[in-house]
Amino acid sequence: MTFLPDLSTLITYSIACAVLFITPGPDMSLFLAKTMAGGRKAGIASMLGAMTGCCVHTLLAALGLSALLAASVTAFTILKIVGALYLLWLAIDAVRHGSALHVKDEGKVEVSFWKTFLVGVGINLTNPKVVLFFVTFLPQFVQAGDPHAADKLLFLGLYFIALTGPMGAAMILGADKVIALLRRRPKLMRTIDYSFAGLFSAFALKILATSAR
């Protein structure tokens, strides 16, 4: 199966995806806010919407990056370097400003499943940071000269969704406890921030060191 990365790459990628998911941000805020306002059904709807948006980003990123690789290996390498610098910026920003968890108490309201689903899709698709992340993050796990790069890029994007989906569902099921825990223990959020920063800094520096050879 040529679309599968080697085991060490897959393990590293899995750890990165997990750390990324547990770092509070816009998606987590959306899932938790919708769950608290409309119940678990609304939370699941928003999560499925965001995951659908991620599928679109994955497909577009895989097609675009594979086309770039076919056109120029040098351009693909440059993109990886730019991506590494972006990951390094994310790591520094996480330490400087911390995670963002904004869950408004909107009270219990009746919400439409499909309307909430579309909100999740829309927020995900129109978030430029998500686009930039997929374009810069996925290439870090694919070699510029790999003839199966397009298949691996597509696999990695879908794998991210498959890996974080159950984690998102578990978070929604325990939304009230998750919110209370993160608000009650700011040191825990800082620990997550530093874990995120350390891991993504290591990725960035490794890519930059390899590219400089």
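In case you missed it, the structure is sitting above this.
Rules used throughout
- Residues numbered from 1 in each chain as written.
- Predicted model: local features only at pLDDT ≥ 70, side-chain atom pairs only at ≥ 80, totals over all residues.
- Heavy atoms only, no water.
- Helix = DSSP H or I, 4+ residues; strand = E, 2+ residues; numbered from the N terminus.
- Rg over C-alpha atoms; globule rule 2.2 N^0.38 Å.
- Buried < 20%, exposed > 50% of the residue type's maximum accessible area, 1.4 Å probe, protein only.
- Contact = heavy atoms within 4.5 Å.
- Expected span 1.5 Å × (residues − 1).
- Core = buried A, V, L, I, M, F, W, Y, C linked by side-chain atoms within 4.5 Å.

Trainee: When you look at the overall build of the chain in this model, what are you seeing that I'm missing?
Mentor: Along its length, the chain carries nine helices and zero strands. Overall, the chain shows an N-to-C arrangement of helices and strands of α-α-α-α-α-α-α-α-α. In terms of overall dimensions, the chain is globule-like: its C-alpha atoms have a radius of gyration of 18 Å, near the 17 Å expected for 213 residues. With the C-alpha coordinates aligned to their principal axes, the bounding extent of the chain is approximately 55 × 35 × 30 Å. Within the span of the chain, comprising 213 residues, buried residues form 45% of the whole. Residue pairs at least 24 apart in sequence account for 87% of intrachain contacts in the chain once pairs closer than 6 positions are excluded.

Trainee: Sorry, what's going on with helix α2 (residues 26-38) here?
Mentor: Note on helix geometry: an α-helix contains 3.6 residues per turn, so any two residues three or four positions apart are oriented the same way. The terminal C-alpha atoms of α2 lie 18 Å apart, and with 13 residues this matches the ideal 18 Å at 1.5 Å per residue to within 8%. Regarding α2, the residues found buried are M28, S29, L30, F31, L32, A33, T35 and A37. Tucked into the core, α2 has its buried residues touching α1 (7-22), α3 (40-71), α5 (113-125), α7 (149-173) and α8 (175-184). At the exit of α2 stands G39, carrying a positive phi of roughly 90°.

Trainee: Looking at this structure, how should I read the nonpolar core?
Mentor: Generally speaking, nonpolar side chains in soluble globular proteins are found buried as a group. Core analysis: the biggest nonpolar cluster contains 40 residues, and Y13, F133, F134, F137, L138 and F200 have the highest contact counts within it. Put simply, the parts of the chain that give this core at least two residues each are α1, α3, α4 (73-97), α6 (128-137), α7 and α9 (186-211). At eight residues, the largest contribution of residues to this core is made by α4. Filtering out sequence-adjacent residues up to four positions away, F133 remains in contact with L20, Y86, L87, L90, L138 and F200.

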